[in-house]
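Structural overview for review
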Amino acid sequence: MTTLTELENHDGFIERHIGPSAADIDAMLGVVGAQSLDELVTQTVPASILLEQDIPLPAPRAEHEALAELKTLAQQNRLSKSFIGMGYADTLTPAVILRNVMENPGWYTAYTPYQAEIAQGRLEALLNYQQVIIDLTGLPLANASLLDEATAAAEAMTMARRVSISKSNRFFVDSQIWPQTLDVLKTRAEPFGFELVLGNPADAAGADVFGALFQYPNARGEAHDLSAAIAGVKAQGGVVALAADLLALALLKSPGELGADIALGSAQRFGVPLGFGGPHAAFFACRDEYKRAMPGRIIGVSIDANGGQALRMALQTREQHIRREKANSNICTSQVLLANMAGLYAVYHGEAGIRRIAGYVHRLANLFAAAVRTQGGTVINQSWFDTVLVATGPRTDAVLASAEAAGYTLRRVDNNTIGVAFHEAASRADVAALAQLFTGQPADIDALDASATDAIPASLARTSRYLTHPVFNTHHSETEMLRYLKRLQNRDLALDHSMISLGSCTMKLNATSEMIPVTWPEFAGLHPFAPREHAAGYLAMIDSLSEQLKAITGFDAICMQPNSGAQGEYAGLLAIRRYHASRGDAQRTVCLIPKSAHGTNPATAQMMGMQVVVVACDDNGNVDVADLKAKAEQYSATLACLMITYPSTHGVFEEAMRDICDTIHAHGGQVYMDGANLNALVGLVQPGKIGADVSHMNLHKTFCIPHGGGGPGMGPIGLKAHLAPFMANHSVAPIANGSEGQSAVSAAPFGSASILPISWMYIRMMGAAGLKRATQVALLNANYVATRLQGAFPVLYTGKNGRVAHECIIDLRPLKAATGVTEVDVAKRLMDYGFHAPTMSFPVAGTIMIEPTESESKAELDRFIDALLSIRAEIAKVEAGEWAADSNPLKHAPHTQSDVISREWSRAYSRDQAVFPLEWVRDNKFWPSVNRIDDVYGDRNLMCSCPGMENYQ
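Model, not experiment: these values are computed from the prediction.

Split into domains, the protein chain comes out as domain 1 (349-450), domain 2 (555-731 + 745-753) and domain 3 (766-884 + 909-918). Distance between the C-alpha centres of domain 1 and domain 3: 60 Å.

Structure, rendered in structure tokens:
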């Protein structure tokens, strides 16, 4: 008899998340030669690090149960009408964008568009976004977004140092900058030895600085003509950045017109929910001569093999892997999904719509200020775009309390001043209610509207046009917009079409139940600096997730602030640096990094002012322990840390991990474990119990936050107790965790908080048993792929029992030497089979790295394997001379619809072989929208804005 408990199916989500069925698992175990998942684990993972018991987590919950539990937490949040401002504004996300982009797996499950031929949709959306930024900032070059405004400001500071001719190490900062930005600037400046000079922009020219950052409008809401201050700094050889309000630039002179070299800020108010601080796209633009010093990704226009227009990532696409510690930045992802939303918001509204929205916000502020003044109140600032400061004197607490009771949250500027920041979602009723709260008298909005004047100085009023490109003047009806979004989506391959086997990227299921809470108003509508009593549900959820992650990783503390993996690396090394300094060991600046490491590791180390010393790897892909011990001894007095990825980037579990950690500790160093491969550890190994002192966790990999086409992500860090007091905190909204007083690494106290419910849901629905089984199946899937491919392609590295971890590296170098077929050719040919390529040439040039994850079924794995085996047969035809080395399906891949309907076909293989190489491809064909893209042409003819009008004639 089946019991009620069994029928309740509390653990039912586990089999929804894990791809292979029980029968499939048995069959796959037979192929790899293991009797059970447990036996496979013991053959793969060193016994010395395996957990002896299950991780202490609550039992799994069914999807509807977990959603109900999380909803209860969400309802503890108190949603008020936020007029706090400070770089965050309520906005109206167009429903057509909310439903068809933000909530659409066709958009949020895609990966960073390295394989551009199957990513033309989001590349076009990103190019649109770059055009928005170029137009509004008045600067000729923009990137595809950064993580948030504060970190963008920090990137501007370091970029200014790279390009400035000044010999100074001083950087000028507007005293009226947002405090969270100043907080991050302090963090970033200290390791570089930069001195921050705070003051009035008018004084910057005489400060002997290599650069300056001004806020426009500033924290008092005022918009000043900064052209003279900018010119003064530049005359001394300095570089000037403006942190600007993107919507305000619809009405204000652009930074470019004022003479700025760099412009940055947040694109959040272009239709992206508040989300308790993120994720939001930061914009970044600069002068053309600085293009090779710009951080982040840049989308450019190139051509394909047939001469047609095609888009791609340009210039710094893989700079961390190539330049390592000499890279411009450690930023390797951006906020693509949110940048796309912001760009599409501009596409939907166009110039007239954006100008109307900006005018509406400004008008609300004007009417409020007029109402206060009419009743004898004092408005402190003389100019503004959206923010009005009111002198409240001893009435400050009473006004704030009355506003709270009426459902409004305002900004306490100081004990005598309240700030009110208007936004798109505000109304005339809000103006009337707020005015009465301050004056005690009703306001006649219509009468005020007839007489109130604008508060933007005439000398700063914008006269230049923007958003004139056809894309911003075509899709203004919802019908047109819907079809445009669908057209873009159809050009992109995402997880809703087929597996994406990118090694070290963990493209697993992003379950719908995990995604649903992200857009709940209780999570989406909260300002990051709302009173903490308003965020009780958020804080409870974050605390719960922190406890889950502690149980999983074995660390004593969690810092939830870093909003990307690279930020997590930075936050981890920052804690190590602060720890050494607290002990009088500031001389400990050497960072040991294995040769196989991800390029962000050395890039992050140099940002921390550390000296990178490379540790060799042996022929089996393991860290050369003898070399590590020799260098630990050599640098014993100055050793700060080791950065190591486990399992390694070579896809194996190294046997010497405990010995490696013990060696570093014996020489006074700390161990930073890169969490890129945590998906191979959960439930089996706890990093905090095998020697790691700190590690970041890619929640956008292991814990199911989607990649969003290149962001968002979250990279919280786990720390041992001795490092916990040195983790990031926040000056505006301090976190009570024992690290009070430490400066921030991100603009918001909990980074991209609104996507944390995704990971909470995943862990809650899987429970300890489900998480462990997911890891076991991830190992099985990788070993199944490696075993089936072994006869056709050599697997470069395996562990001592011939096993790989959760990913495997396939060596294509012998075939390249014999036939001229490269890893690029194989990657492009996979597109014809309907698959995204694995990771190319990382960590070893001339290879591909495959990570199937636990979410892919045996049937999908078999299709992928069959595709690679078919490609190997095609290569054999090149070897045999049946196809020319320079003209075959691999060299011409990918093939488009235009290729096969062309009147002429003179190739040695048939059209069917080109586009339907295996019979099952016909059933679900994905058509690349362009042929192979010419990367060299794109870099030599750099164009990072929307194509000109002639392309539309």
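Let's pick the thread back up.
In this structure, Phe-214, Phe-270, Phe-368, Leu-410 and Phe-422 are the most contacted members of the largest nonpolar core, which totals 240 residues. If we skip the residues at most four places from it in the chain, Phe-422 touches Phe-83, Arg-269, Val-361, Leu-364, Ala-365, Phe-368, Asp-386, Val-431 and Leu-434. Of all hydrophobic cores here, the second largest spans 46 residues; its members include Tyr-88, Ala-241, Leu-274 and Tyr-290.

Let us now look at the UniProt feature "domain: Glycine dehydrogenase C-terminal" (unreviewed entry) in the protein chain. Mapped onto this numbering, the UniProt entry gives "domain: Glycine dehydrogenase C-terminal" (unreviewed entry) at residues 774-895. The span residues 774-895 shows a helical share of 48% and a strand share of 8%, and its end C-alpha atoms are spaced 36 Å apart.

Before going further, it helps to spend a moment on the UniProt feature "domain: Glycine cleavage system P-protein N-terminal" (unreviewed entry) in the protein chain. When the UniProt feature table is mapped to this numbering, "domain: Glycine cleavage system P-protein N-terminal" (unreviewed entry) covers residues 15-438 and 446-722. Measuring from the first to the last C-alpha atom of residues 446-722 gives 62 Å, for a span that is 33% helix and 11% strand.

Before going further, it helps to examine the pairing of strand β25 (residues 847-850). For a regular strand, the rule is simple: side chains alternate between the two faces of the sheet. Taking every second residue as pointing to the same face, both faces of β25 are buried, with Thr-847 and Met-849 on one and Ile-848 and Ile-850 on the other. Alignment of strand β23 (residues 808-811) against β25, held across four bridges, turns out to be antiparallel. Each bridged residue has a counterpart across the sheet, and for Ile-809 the counterpart in β25 is Met-849. Pairing analysis gives two bridges linking strand β24 (residues 839-840) to β25, with the strands arranged antiparallel. Within the sheet, the bridge partner assigned to Thr-839 lies in β25 and is Met-849. Count of turn residues in the β24/β25 antiparallel hairpin: six residues, of which Ser-841 carries a positive phi of about 55°.

Next up on the list: helix α8 (residues 120-137). In this model, α8 (18 residues) spans 25 Å end to end at C-alpha, consistent with the 26 Å of a helix rising 1.5 Å per residue. Along α8, 18 of the 18 residues are buried, which leaves the element largely enclosed by surrounding structure.

Strands sit in the order β23-β25-β24 across an open sheet of three strands; the sheet is antiparallel. Sheet topology places β23 and β24 at the edges, where each strand pairs with a single neighbour. Packed on one face of the sheet, helix α26 (residues 756-789) meets β23 and β25 and runs near 20° to β23.

How each quantity is defined
Residues numbered from 1 in each chain as written. Predicted model: local features only at pLDDT ≥ 70, side-chain atom pairs only at ≥ 80, totals over all residues. Heavy atoms only, no water. Domains from an automatic or database assignment. Core = buried A, V, L, I, M, F, W, Y, C linked by side-chain atoms within 4.5 Å. Buried < 20%, exposed > 50% of the residue type's maximum accessible area, 1.4 Å probe, protein only. Contact = heavy atoms within 4.5 Å. UniProt positions renumbered as here; feature names shortened; annotations may be inferred. Helix = DSSP H or I, 4+ residues; strand = E, 2+ residues; numbered from the N terminus. Pairing = 2+ DSSP bridges. Expected span 1.5 Å × (residues − 1). Axes fitted to C-alpha atoms, helices over the stretch in contact; angles between N-to-C directions.

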